[in-house]
Structures are given as C-alpha cells and as structure tokens.
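Residues per chain, in single letters:
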Amino acid sequence: MREHAVVIAGGGPTGLMLAGELALVGVDVAIVERRPNQEIVGSRAGGLSARTLEVLDQRGVVDRFLAEGQIAQVTGFAVTRLDISDFPTRHNYGLALRQKHIERILAGWVGELPVTIYRGCELTGFVQDDTGVTVELSDDFKLRAGYLVGCDGGRSLVRKIAGIEFPGWDATTSNILAEAEMEVEPPLGVHRTVLGLHAFGREEYEIRDGKVVFASEGPVNVMVTEKSAGGTAEPTLSDFRQALIETCGTDYGIHSLRWISRFTDMSRQAEAYRKGRIFLAGDAAHVHSPVGGQGLNTGVQDAVNLGWKLAQVVKGISPESLLDSYHAERHPVAARVLRTTMAQVALQRTDDRSEALRDIVLELLAMDEPRKKIAAEMSGLAIHYDLGEGHPLLGRRMPDLDLITPDGPLRVNALLRNARAALQNFGTPSSLDITPWSARVQLVEASYDGAWELPALGAVSAPAAVLIRPDGYVAWVGEGKPDGLHEAMTTWFGPPG
C-alpha cells in the first residue's frame, strides 16, 4: 500500500488542475486515471472562458493555451453572442480550443510537477476513517491518503460510495454527437428546425471576423437533436441515421463512423461537496447541458478554490473547518450555472412561445447593462463569494493591475504564480504588520494610479489595501485602517505563527 496526502480519482481537466494546485505548494498528490494516456475519443468541451484564462494566467501557464487556441468573442447566452471586449480584464475574450488539447496542455504542466499518476486503473472502492481514506483500485492495489477527491465525472463512483445525494432535473432533450464520413456534403454550421438545433462541422477550423470557417475536407462532426429524450444506452449508427432523417430529411450517406455519443440536458448537483475526508469537484459535483460552455470551466475553478485550502489543512496551517468553505463558496456558483443552462435550453426550443420569449431576451441582451450582467456571469468574471458586507472587491476576483513597487513594475497575477497569498498595501509603507503570517502571505508595498473597475459593476473606489487569496479572490479590503485584517488572516491562513 502506497501513501499520499491526497488522492484524486479522475485525470480530466478538473483532476489535473487540482493536482497542479496541490503540487505547486508541496503537497504529495496522486491521480488515479483509467485511461492509459491523456487521449480523448469524441468531442467534449470546446473552449476556455475569460475567468479560466485569468486563473491559468495566475499560475503562469496561460500562454501555452493561447498559443494553440483561437481568441474570439465566444461568450454567449442561448443563441446570441455577447461581446466582452470592453470588459476590464487582460483576457476580454474566450478561447476556442478543444478539450483534448486543453487536457494535453494541462497534463504537460502537471508533468513538470511532482505528481504521481496511476494510469490504466480506476478506483473501485474506499473506506474513510478518522485519520484517512483507504482507496481500492481495479488492479487490486491499495492507496492510503489523508483525503480523497472525486473528479470522476457525472457518473462518479466516489459520489455514489460516499452516499452523497445527486438531486436535480431529468432530461427533456437529447442530442447525438458523432464524427463520420458523408457521401453528400452537409450544410456546415448551426441550423434550427422544429425538432431543435443541429450542426455540422469539421475538426479543423478557423475563426475569421467572429465567424467559424471549417476545413473543406475530412470527416464531419455532427450534432443532431433526437425526437425523444428517453435514450440511455450508447447510440448506434442506426439511431444516428434515424435522427438525421427526422431532422434533415436525409442522412447524407453517412458511413465510416469514428465515434458516437449522446448528451442530454439532465441537470443535477451534489447535495454536499464534502463528506468527511471525501470531496467532489467538476462533473462529479454538477452536471448540466453543455450549452453556454460553462462545464469544464466551472470544474477547473472548483479545483482552484479547493486546492489551496486542502493544502493548508494537510500542512497543519489551518483547521479542518476551512474545508467547509469549499462547499459554501462553490455550491452556489454551480447552482447558478444549472439555472443559466436550463434557461438557455428553454430558449433554444422551437415552438412559437419559445420563439417569442427568445425574441424578447435578444432585445434585452442588445442593451448595454443586461449584456454586461449576463456576459460577466457567462464568462465567470462575475463570481462573488459571500464574505460579508464591505467594499465591492470583497469576495470578488482581484483585477490584474500593473503595480509600481520599490522593486519595479509588477503584475498582480505574477504574485500568485506559486499559489501563495498576498497582501497589497497601497497606503503608508510599513503601516500593516503581518509578521506572524509572513511565511504564508507576501506583503507587497505598491502604488497604482489607474482606475479600479470590475466587470458589470463598473468603477469602484480605490482601496487602501487588499488581501488576496491564492485563488485570486479578495479576502479583506482595507479602507484606511487595519480593522479586521488579523481576523481575516486567521480565518484564511491559520492562527498566528
């Protein structure tokens, strides 16, 4: 039996990001992944949101993704694109990049860190006790860990064995996804019929002037809405042909199927994200329709919220109670994601009443204030953790400002490269004393002369100081006095050392 501080079940984007977060701060972490390598068969998520790009920027790896993806205004709600080019962020766009590339790049980063990966096997059971968790693997091997995190997808075995309820809403729509050859060239792009949306595309594409231009040759990627949402088994080529004929009147001579899968708008969320030493993140904690592209991004941000908290408890810096803030903060975020995806599915329906509703929503989103509000939410830039009353920055992402320090210019995100907290003092130098926490929190004396602005909210007053957590969210705002600073330090970074 091998021992690790943390074992992660599942090596997809969420599991990889969490492993990276833990390894950055010296926690012994291992991933159990059933795939022999990082390859993905089929089509899954297709891009990264502005907030996820900011998170990757905080860790110094965003350029790896930008080098392979295509920057575009891809933030959207239902059937309309929402421009965020006027948002106050370095990443006022989305990145079109297929999940297979996202995973490959993440795995490359994790491969540079001390992370153990057990490939070609999967978790089959576990037992937790007062001191840890014994994990059973499919090859009869066992692992012992202080904590187990289920990042093992919507059918999460970790969630089921832990006995965590998964309430929500059953599917009302069903879609088949596939890649195949076609004898007749289909009309590439997204289309609407009385049955719903369907789309044809190719693996290779470019985004030109905001429009997707597909390659002229190669297998065709297809998404087609099924007539009913009752299917639960893997779809067949026959199912696929029938759905195409019902939707398009022809199957376009489809043949040479490469892969096929089915997705629905089933929406469910784990009742609890923590049960003792067991945690859930990503699809194991929440599933919903892929419309809006928030699934993968929400999972990656789950990992960034949990990672530093888990690390501090493992290291004995913070009490176990800190881990309860993971559910308290992330459960409401995903609950809202479920609501926005359900609303978008409703707006995509093709009956006359839904068409009328969609027209009204589009009119609203053409206005500046509604556009900013919804776009900030869809891009992840509006996330607000409830940390109490106070300055608008409290509980929100810290803007990546260009600071002036005694050592020269410095970006805020550069302070977070190693997942370490920072206190930025914009007031009188040496006026804030955090000596008991100096090994855990960086103190930066800085100045900033520009405007303070938050997405959707607009301009906010300049703070005298801000305490930034390792995940980039503001835990305390000073407005001329140090009131509450030591209390915030103790809450988030443990008692004085």
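Residues numbered from 1 in each chain as written. Predicted model: local features only at pLDDT ≥ 70, side-chain atom pairs only at ≥ 80, totals over all residues. Heavy atoms only, no water.

Observations regarding the sheet that holds strand β3 (residues 47–48)
An order of β3-β7-β4 is seen for the three strands of this open sheet, with the pairing classed as antiparallel. Because the sheet does not close on itself, it has two edges, and the strands there are β3 and β4 (70–72). Sheet topology note: the β4/strand β7 (residues 94–96) ladder contains three bridges and is antiparallel. Opposite I71, over in β7, you have L95 as the bridge partner. (Pairing = 2+ DSSP bridges. Helix = DSSP H or I, 4+ residues; strand = E, 2+ residues; numbered from the N terminus.)

Things to note about the environment of L387
When you line up the elements, L387 lands in the loop between α10 (368–378) and β24 (402–405). Taking the C-alpha atoms as reference points, L387 and E206, separated by 181 residues in sequence, lie 42 Å from one another. Setting aside chain neighbours within four positions, we find L387 in contact with E329, L394, G395, V474, A475 and W492. (Contact = heavy atoms within 4.5 Å.)

Re the side chain of T173
With respect to the helices and strands, the residue T173 is situated in the loop between β12 (168–169) and β13 (174–182). T173 has contacts with A229, F263, T264, D265, V345 and R349, leaving out every residue within four places of it along the chain.

Description of the layout of surface pockets
The computed volume of the second largest pocket comes to approximately 610 Å³. As for the second largest pocket, its lining consists of 31 residues, of which R336, E377, A382, I383 and H384 are closest to the centre. Top contributing element to the lining of the second largest pocket by residue count: helix α8 (residues 324–348), with eight residues. Tallied by class, the residues present in the lining of the second largest pocket amount to 15 nonpolar, eight polar and eight charged. (1 Å grid on protein atoms, 1.4 Å probe; cavity = no way out; pocket = protein on both sides within 12 Å on 5 of 7 lines; lining within 4 Å. Points joined across faces, edges and corners; volume = space filled by probe spheres on them. Nonpolar A, V, L, I, M, F, W, Y, C, P; charged D, E, K, R; others polar.)

Regarding the packing of aromatic side chains
What the rule picks out here adds up to 11 aromatic pairs. Arranged with centres 5.5 Å apart and planes meeting at 90°, the rings of F426 and W452 form a pair that is edge-to-face. Residue F426 is found in the loop between β26 (421–425) and β27 (441–445), and its partner W452 is found in the loop between β27 and β28 (453–454); the two are separated by 26 residues along the sequence. Each member of the pair, F426 as well as W452, is classed as buried. Put simply, the rings of Y147, Y273, F279 and Y326 pair up and form one aromatic cluster. Lying across the ring of F166, R159 places its NZ or CZ 3.6 Å from the centre. (Phe/Tyr/Trp six-rings, centres within 6.5 Å; stacked < 30°, edge-to-face > 60°. Buried < 20%, exposed > 50% of the residue type's maximum accessible area, 1.4 Å probe, protein only. Lys NZ or Arg CZ within 6 Å of the ring centre and 35° of its normal.)

As for empty space enclosed by the protein
Tallied over the entire structure, the rule returns two cavities of 30 Å³ or more. Looking at the largest cavity, its volume works out to about 50 Å³. R51, V55, Q301, V304, N305, R330, Y385, D471 and Y473 together form the lining of the largest cavity. For the lining of the largest cavity, the secondary-structure elements that each account for two or more residues are α2 (50–58) and α7 (295–314). Counting residues per element, the lining of the largest cavity draws most heavily on α7, which supplies three residues. Tallied by class, residues from the lining of the largest cavity come to four nonpolar, two polar and three charged. Lining the second largest cavity, in full, are L48, T52, L56, F65, I102, L106, L296 and V300.

Let's talk about the environment of T340
Here T340 lies in helix α8. The sequence separation of T340 and V110 amounts to 230 residues, and the corresponding C-alpha distance is 32 Å. Reaching out from T340, the side chain makes a polar contact with the backbone oxygen of V337 at a distance of 2.9 Å. (Polar contact = N/O pair within 3.5 Å; in protein donor to acceptor, adjacent residues only side chain to side chain.)

Some thoughts on the pairing of strand β1 (residues 2–9)
Among the eight residues of β1, six are classified as buried, and the element is accordingly described as predominantly covered. Sheet topology places β1 next to strand β11 (residues 142–150); seven bridges connect them, and they run parallel. Residue pairing in the sheet places A9 in a bridge with G150 of β11. As a crossover connection, the stretch from β1 through helix α1 (residues 13–24) into strand β2 (residues 29–33) is right-handed. (Right-handed = clockwise from strand over helix to strand, strands pointing away.)

Quick word on the sheet that holds strand β23 (residues 286–287)
Read from one edge of the open sheet, three strands run β12-β20-β23, paired in antiparallel fashion. One side of each edge strand has no neighbouring strand; the edge strands of this open sheet are β12 and β23. Strand direction decides the pairing type here: β12 and strand β20 (residues 267–269), joined by two bridges, are antiparallel. Considered in β20, the bridge of G168 is made with R268. Strands in contact with α8 are β12, β20 and β23; relative to β20, the strand with the most contacts, it is inclined by about 175°. (Axes fitted to C-alpha atoms, helices over the stretch in contact; angles between N-to-C directions.)

Topic: the pattern of salt bridges
Evaluation of the coordinates by the stated rule reveals 33 salt bridges. One salt bridge in this structure joins E355 and R192, with 3.3 Å as the shortest N-O distance. Residue E355 is located in helix α9 (residues 352–365), and its partner R192 is located in strand β14 (residues 189–193); the two are separated by 163 residues in the primary sequence. Judged by relative accessible area, R192 falls into the partly exposed class, the value being 35%. E377 is the partner of R336 in a salt bridge, and the nearest nitrogen-oxygen pair spans 2.5 Å. Note that R336 is positioned in helix α8 and E377 in helix α10, a separation of 41 residues in sequence. (Salt bridge = Lys/Arg side-chain N within 4 Å of Asp/Glu carboxyl O.)

A word on the packing of α1 against α7
Put simply, α1 and α7 touch, their axes get as near as 8 Å, and they point 25° apart. Judged on the interaxial angle alone, α7 and α1 are roughly parallel. The crossing of α1 and α7 is right-handed. Contact residues: α1 offers P13, T14, M17, L18, E21 and L22, while α7 offers L296, G299, V300, A303, V304, L306, G307, L310 and A311. Classifying every residue of the contact of α1 with α7 gives 11 nonpolar, three polar and one charged. (Parallel < 35°, antiparallel > 145°, perpendicular 65-115°, else oblique. Left-handed = near helix turned anticlockwise from the far one by under 90°.)

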